[in-house]
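# Notes for the structure review
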Amino acid sequence: MILYDDKGLEIFDKITYDKDYYLTNAEIEVLQNNSDELVEKYVKDGDVLVELGAGAMRKTKYILDAITKAGRKITYYAVDLAEASLRQSLEPLAATYPSIKFVGLWGTYHDSLSWIQKNQHNARKLFLWLGSSIGNLTRKEGADFLLNVRNTAMRDGDLFLCGIDKRNSFETVSLAYNDRSGLTRDFAMNGLVNINNIFKYTVFDPSNFMYVSIYNEADGRHEAYYESTKDQTVEFKEEKVSVHLKKGELINFEYSYKYSSDEVDKLVESSHLKIIAKWSSNKELYDCHL
Ligand SMILES: C[S@@+](CC[C@H](N)C(=O)[O-])C[C@H]1O[C@@H](n2cnc3c(N)ncnc32)[C@H](O)[C@@H]1O
């Protein structure tokens, strides 16, 4: 929630066009090659698509194209945190696909799940969770999250399509989160600016921190940190809390977990779901599981 304000989403969107961030192109390949099959086999008239953390919806278009091509009538719900970006992404889609009904759900995943739970109607739902967003949760949190979606917002026959990044080579993952254009660094540093905007005074002076990216290959997770570049005291005035940071001290702000096939099996088993299809990118860097 700190990282994805409107500015954060704008920078993240640029990241998705960067070659070093291979995840987006790999997921695009999967959707480009397999959306027709997905729609043909699994999407029926009257279904509801719910995309969690929809972002710029660039990849969703491949599914929407396939839906239009197959002549299916569906409703698409897009869930995201930043209202302006949500509107900006949805409006052109509504103009491009007149046969699809578009609805924005502005809020957190949690908000949207309780909304769906309360507004359940008979339509069958296909959830989409793309961009390997599951990787931002620990493996246990990821399994708990899916179990919670299953128990609160899904009924028998509903489907969940999840894009999951694989345990790729050290070099590939390291470059994705520390790209040569410095976009990931800008994205990270914007988080500090957003914290200051929320508090309405400077809690973290961005010039006193730098972005540190580490791929922890043993645990299969990328770790993102702010490193304090000097001895400093960070103050939360209203809370009357101050924290002393030593030069070189790290603050962890994001994980991006990568999954082997065994880890995906475990995840799905713990969330009491069942895999019915799997599609991979051309170079097998990335999978979408249904
Ligand atoms: C890794 S990006 C993926 C964006 C897009 N789905 C893609 O694949 O390019 C994560 C998205 O989830 C949204 N997001 C993150 N945490 C969220 C939360 N707790 N509730 C709702 N949306 C969230 C962000 O705003 C962002 O658009």
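These numbers come from a predicted model, not from an experiment.

### Description of the sheet that holds strand β5 (residues 159-165)
- Reading across the sheet, the 7 strands line up as β3-β2-β1-β4-β5-β12-β11 and stay open at both edges, with mixed pairing between neighbours. The two strands at the open ends of the sheet, each matched to only one other strand, are β3 (101-106) and β11 (278-280). On average, adjacent strands in this sheet sit at an angle of 15 degrees to one another, irrespective of strand direction.
- Taken together, the 3 bridges between β11 and strand β12 (residues 286-289) define a ladder with antiparallel strand orientation.

### Things to note about unusual backbone geometry
- The backbone of H272 sits at a positive phi, close to 60 degrees, despite the residue not being glycine.
- Along the chain, H272 turns up in the loop between α9 (261-270) and β11.
- Positive phi is not limited to glycine here, since E284 has a value of about 60 degrees.
- Position of E284 among the secondary structure elements: in the loop between β11 and β12.

### Here's the deal with helix α6 (residues 139-153)
- With 15 residues, α6 extends 21 Å from end C-alpha to end C-alpha; this agrees with the ideal 21 Å at 1.5 Å per step.
- Among all positions in α6, only G142, A143, F145, L146, V149, T152 and A153 are buried.
- On its buried face, α6 sits against β1 (48-52), α5 (109-118), β4 (125-129), β5 and α9.

### A few points about the packing of aromatic side chains
- Under the defined criterion, the tally for this structure stands at 20 aromatic pairs.
- Taken together, a centroid distance of 5.8 Å and an interplanar angle of 70 degrees make the contact between Y255 and Y257 edge-to-face.
- Residue class for Y255 comes out partly exposed when judged on its relative accessible area of 23%.
- Over the face of the ring belonging to Y201 we find K237, whose NZ or CZ atom lies 4.4 Å from the ring centre.

### Observations concerning the domain arrangement of the chain
- For the chain, the assigned domains are domain 1 (6-168 + 259-289) and domain 2 (185-257).
- Placing the centre of domain 1 and that of domain 2 at their C-alpha centroids yields a distance of 29 Å.
- Every contact between the two is made by 14 residues of domain 1 and, on the other side, 12 residues of domain 2.
- Buried surface at the junction of domain 1 and domain 2, both sides included, amounts to about 990 Å², of which 52% is carbon and sulfur.
- Remark: the boundary between domain 1 and domain 2 carries 0 salt bridges.
- Where domain 1 meets domain 2, there are 5 residue pairs in polar contact (both at pLDDT 80 or more).
- Take the side of domain 1 that touches domain 2: its biggest share by element is 5 residues, from helix α1 (residues 6-16).
- Of the residues assigned to the side of domain 1 that touches domain 2, the class counts are 5 nonpolar, 6 polar and 3 charged.

Scoring rules and cut-offs
- Residues numbered from 1 in each chain as written.
- Predicted model: local features only at pLDDT ≥ 70, side-chain atom pairs only at ≥ 80, totals over all residues.
- Heavy atoms only, no water.
- Pairing = 2+ DSSP bridges.
- Helix = DSSP H or I, 4+ residues; strand = E, 2+ residues; numbered from the N terminus.
- Axes fitted to C-alpha atoms, helices over the stretch in contact; angles between N-to-C directions.
- Expected span 1.5 Å × (residues − 1).
- Buried < 20%, exposed > 50% of the residue type's maximum accessible area, 1.4 Å probe, protein only.
- Contact = heavy atoms within 4.5 Å.
- Phe/Tyr/Trp six-rings, centres within 6.5 Å; stacked < 30°, edge-to-face > 60°.
- Lys NZ or Arg CZ within 6 Å of the ring centre and 35° of its normal.
- Domains from an automatic or database assignment.
- Buried area = accessible area lost by both parts, 1.4 Å probe.
- Salt bridge = Lys/Arg side-chain N within 4 Å of Asp/Glu carboxyl O.
- Polar contact = N/O pair within 3.5 Å; in protein donor to acceptor, adjacent residues only side chain to side chain.
- Nonpolar A, V, L, I, M, F, W, Y, C, P; charged D, E, K, R; others polar.

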